[in-house]
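Residues per chain, in single letters:
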Amino acid sequence: LHVPLSTHDAILKVAAKGGAAGETLRKCFHQNLELLRFTRAWEVAKLLRDQELYLKLARAALLNLDVALAERAYREQGDACMVLTLSKLRAIEDANLLAGHIALTFEDYSRAQELFLVSTRPIAALEMRRDLLHWEQALKLAKTLAPEQVPYISCEFAQQLEFREEYERALQMYTAGLNAAEALASRFDARGGDSRLAHACAVGVAKMTLRMGDAGRGAQLALETGDAQCCRECADILDTVLKQPQDAARLYEEGDAPEKAVKIYIRTKNWVAAKPLMGRISAPKLLIEYAKAKEIDKAYEEAAAAYEKANDVDSVVRLLLSHLGKAQRAFAVVRESKSSQGALLVARHCVSAGDSRNAIEFFLLAKRAEDAFEAASTNDHMEVFTAALGADGSPSDYKKVAQYYEERGDPMRAGEFWFLFKDYAKALRLFLQCGERAVRQATEVVGRARSDTLTHQLIDFLMGETDGVPKDPNYIFKLYMALGNYTQAAKTAIIIARQEQEVGNYRVAHQILFDTHRELSSQRIRVPQELANSLMLLHSYVLVKPLSKSGDHMTAARLLCRVARSISRFPAHVVPILTSCVIECHRAGLRESAFEFATTLMRPEYREQLQEGFRRKIENIVRKPGDKTDAEEAETPSPFDSAARLPESELECPSTKNQIPYCVATGRHVVTSDMCLCPSCGFPASYAVFTQLIQTEGVCQMCMQQVQVKDIVKLEPAEAQAFCLRSVQRAEREPGRQ
């Protein structure tokens, strides 16, 4: 009869049936584990998938040094930390060393130390104690296992004791560490020692000496370390714990903490020691304390310097005025700082000194406008008051000034301040009293007021309705611009430009049309075709000189032909323009055009005006024309239709009939493959020619502003075409503002 033992019954039952219920399997697992049958226990644990069973198996395997099985069990349990730890133990062959690490894993440190010490690597016991910060045990082990580590451990142990405020023991450990480090250094001829360790121990000895109450020796030891941080820490101890301020201040100086040193010197009234350090101080509180002390000692220069460094402007001004007699310096300080209190001190000083001009200025800086006005009106220095007031005055200030000037019969100045007060009717009335010299100011008033009554009042004045003398049309133009009536402004600009053009002031006319064109474009208002054409003709004429100078006679001739066909717009210089046109055309090979305009010059009304030097040449062109054909002009594609080509000097697309923008450098129509915009005025140009023009002339011929080559950006063809389309859309758009 076979009776199964209680230690095996579950195992046999599972083996006989090939399986069992959960409780039976669990019992089977535990019996296998107790019998150290780890493989069978692993198989049962795999069937049950119970985390607790994996943990028990892993622990049992570790106790029996089966690291591989323990690692597998921990992996199934999901303990990544233990898996990583055990993977590092796989290669250990020494059973005692391995058992020591496993004991360490189970936090059995005493057993681990015993096993490490009998292993092939006893130093592991020391490493364990150091890692666990068990410094006392580590120190004992180091004396026998690794004497060279004694100073390091002593220092670390001392730091722990210092943290726990066991200062006496910490001092002992620091001292021991320092002695051991020095002994180690001498033993290895200073090459095996660690200077940083010795320094750390020396710093610790200094601090702990102070903690033990020996202030003199501790301060000396701190200075001997030459460590700024050590000096500062020791100074803190001396100042707060030992109440030795002078020694603390000395250490703060050595520790590069001058502000703390000065703070102590000021507290202890040691001014002699504080003075050399003041140049390194930036804390306002300390500077002011020092300044006050110096002021009490009547050292006003030093006190003022300290106040100034502390940015205490009012105190600086007070000393400069009351004790140092440096009024001008005080004025400069207040003007720079804008201090109200300082300004009031200066203003009162000026009043007492009879300096009313400066008093007015500083009363305003002190926000005492009434006092300033009183001083200005009493002493007849209102111009000083208004200059200092600027645009920062209040309405009541402006009103008082306006009334002052009106009472004294100065309508111009009174009008200026009624305008600032926003009493536009009074301002306009006074400006109109001044006649043409105040038209600009009157225009500004009407533009700001936007009042029909005031507008008609000014227009009547400009048209001569009030005095029978019509004024310059430029005033009407500026009025319309101020009112935002750009349509009327454009019409007026055309009239004014035509007048200037008729008397030969082409640059003036060009500038008027350009300014109007730019203003209308910026306001998204349609530019009238007449204005655009007039500007184009004038610009074509303006370009002739730089083009001729650069040797591009063909382009200059084409532009002169364009101008000559509208010669009636240049009545003051018909003969000179036609003469230049004939000469340039002849030089460029445009025989037909040269003959055409030479024939015009031969008319009786022009012939007698020809210069003698040109008359014979022009007569020869008419009498012996030879081949009367123009050189063929190059054609380029239209930006609106790439299939449509037209001569370079033509400005109308043959396909769409749109006006093509012209290049400000050549007068030719733009092409999308070589286009840029002037960085200053935004007018289009040929990138290649405009860049070359800027390199030689330095200015855009349209706006006459300086341009840098680096600022010129070539447009992509799509961007260039979009610009041309926008110019057409603007031309087609109705005026958005009247």
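Computed from a predicted model, the values in this text were never measured in an experiment.

A.B. asks: Mind laying out the overall build of the chain, listing which residues take part and the relevant values?
C.D. replies: A count of helices and strands for the chain gives 42 helices and four strands. Against the globule reference of 27 Å for 738 residues, the chain gives a C-alpha radius of gyration of 50 Å, more extended than a compact globule. The C-alpha extent of the chain, read off along each of the three principal axes, is 150 × 90 × 60 Å. Counting only residues that meet the buried cut, the chain has 46% of its 738 residues in that class. Taking the contacts inside the chain whose residues are at least 6 apart along the sequence as the reference set, 43% of them involve residues at least 24 apart.

A.B. asks: Could you give an account of the packing of aromatic side chains, naming the residues involved and the relevant values?
C.D. replies: One pass over the structure, following the stated rule, counts twelve aromatic pairs. When the centroid spacing of 5.4 Å and the interplanar angle of 55 degrees are considered together, the rings of Tyr506 and Phe570 count as tilted. Remark: Phe570 occurs in the loop between helix 36 (553-564) and helix 37 (574-588) and Tyr506 occurs in helix 34 (residues 506-522); sequence separation between them is 64 residues. With a relative accessible area of 8%, Tyr506 lands in the buried category. Put simply, the rings of Tyr398, Tyr404, Tyr405 and Phe417 pair up and form one aromatic cluster. Sitting over the face of the ring of Trp42, Arg72 holds its NZ or CZ atom 4.8 Å from the ring centroid. Positioned above the aromatic ring of Trp418, the side-chain terminus of Lys426 is 4.2 Å from the ring centre.

A.B. asks: Which residues make up helix 17 (residues 258-267), and what are the values?
C.D. replies: Within helix 17, the full set of buried residues consists of Pro258, Ala261, Val262, Ile264, Tyr265 and Ile266. Those residues of helix 17 that are buried are in contact with helix 15 (228-241), helix 16 (245-254), helix 18 (271-274) and helix 19 (284-296). Positioned one or two residues after helix 17, Lys269 has a phi angle of 60 degrees, which is positive.

A.B. asks: Can you tell me about the pattern of salt bridges, naming the residues and giving the values?
C.D. replies: Evaluated as defined, the whole model comprises 36 salt bridges. Close ionic contact of Glu444 with Arg448 constitutes a salt bridge, the shortest N to O distance being 3.9 Å. With Glu444 and Arg448 both in helix 30 (residues 439-449) and four residues apart, the pair spans about one turn of that helix. On the basis of relative accessibility, which here comes to 36%, the residue Glu444 falls in the partly exposed class. With a shortest N-O distance of 2.7 Å, Glu619 and Arg607 are connected by a salt bridge. Of the two residues, Glu619 is situated in helix 40 (residues 612-623) and Arg607 in helix 39 (residues 604-607); the sequence distance between them amounts to twelve residues. In this structure Glu619 comes out as buried when scored by relative accessible area, which is 11%.

A.B. asks: Describe the layout of surface pockets, and please don't skip the residues or the numbers.
C.D. replies: Roughly 1,100 Å³ of volume is contained in the largest pocket. Lining the largest pocket are 41 residues, and of these Ala532, Gln659, Ile660, Pro661 and Tyr662 lie nearest its centre. Considered class by class, the residues forming the lining of the largest pocket number 17 nonpolar, twelve polar and twelve charged. Of the volumes computed, that of the second largest pocket is approximately 300 Å³.

A.B. asks: Hey, could you go over the confidence of the model for the chain for me, with residue numbers and the actual values?
C.D. replies: Per-chain confidence: the chain averages 86 in pLDDT, with 95% of residues scoring 70 or above. Across the chain, strand 3 (residues 675-677) holds the top mean pLDDT of 96, while helix 1 (residues 9-17) sits lowest at 66. The model gives residues 733-738 a pLDDT under 50, and that stretch makes 13 contacts with residues more than four places away or in other chains.

A.B. asks: Talk me through unusual backbone geometry; I want residue IDs and the actual numbers.
C.D. replies: The phi dihedral of Leu36 falls on the positive side, at around 60 degrees, and the residue is not glycine. Positionally, Leu36 belongs in the loop between helix 2 (22-34) and helix 3 (38-48). Notably, Asp380 is not glycine yet its phi reads approximately 60 degrees, a positive angle. With respect to the secondary-structure elements, Asp380 resides in the loop between helix 25 (369-379) and helix 26 (382-389). Classification of Asp380 as exposed rests on a relative accessible area of 52%.

A.B. asks: Which residues make up the nonpolar core, and what values go with them?
C.D. replies: Counting 170 residues, the largest nonpolar core has Val346, Phe362 and Phe385 as the members making the most contacts within it. Discounting residues that sit within four places of it in the chain, Phe385 has contacts with Ile360, Leu364, Ala369, Ala372, Phe373, Ala376 and Val401. Among the nonpolar cores identified, the runner-up in size contains 74 residues, and Leu535, Val575, Ala594 and Phe683 belong to it.

A.B. asks: Outline the packing of helix 10 (residues 135-145) against helix 11 (residues 150-163), listing residues and values.
C.D. replies: For the pair helix 10 and helix 11, the least separation of the axes is 9 Å and the interaxial angle reads 165 degrees. When the interaxial angle is binned, helix 10 and helix 11 end up roughly antiparallel. Between helix 10 and helix 11 lies a crossing whose hand is left-handed. Judged by residue contacts, Trp135, Glu136, Ala138, Leu139, Ala142 and Lys143 of helix 10 engage Val150, Ile153, Ser154, Glu156, Phe157 and Gln160 from helix 11. Residues that form the contact of helix 10 with helix 11 fall into these classes: seven nonpolar, two polar and three charged.

Cut-offs used in this document
- Residues numbered from 1 in each chain as written.
- Predicted model: local features only at pLDDT ≥ 70, side-chain atom pairs only at ≥ 80, totals over all residues.
- Heavy atoms only, no water.
- Helix = DSSP H or I, 4+ residues; strand = E, 2+ residues; numbered from the N terminus.
- Rg over C-alpha atoms; globule rule 2.2 N^0.38 Å.
- Buried < 20%, exposed > 50% of the residue type's maximum accessible area, 1.4 Å probe, protein only.
- Contact = heavy atoms within 4.5 Å.
- Phe/Tyr/Trp six-rings, centres within 6.5 Å; stacked < 30°, edge-to-face > 60°.
- Lys NZ or Arg CZ within 6 Å of the ring centre and 35° of its normal.
- Salt bridge = Lys/Arg side-chain N within 4 Å of Asp/Glu carboxyl O.
- 1 Å grid on protein atoms, 1.4 Å probe; cavity = no way out; pocket = protein on both sides within 12 Å on 5 of 7 lines; lining within 4 Å.
- Points joined across faces, edges and corners; volume = space filled by probe spheres on them.
- Nonpolar A, V, L, I, M, F, W, Y, C, P; charged D, E, K, R; others polar.
- pLDDT = per-residue confidence, 0-100.
- Core = buried A, V, L, I, M, F, W, Y, C linked by side-chain atoms within 4.5 Å.
- Axes fitted to C-alpha atoms, helices over the stretch in contact; angles between N-to-C directions.
- Parallel < 35°, antiparallel > 145°, perpendicular 65-115°, else oblique.
- Left-handed = near helix turned anticlockwise from the far one by under 90°.

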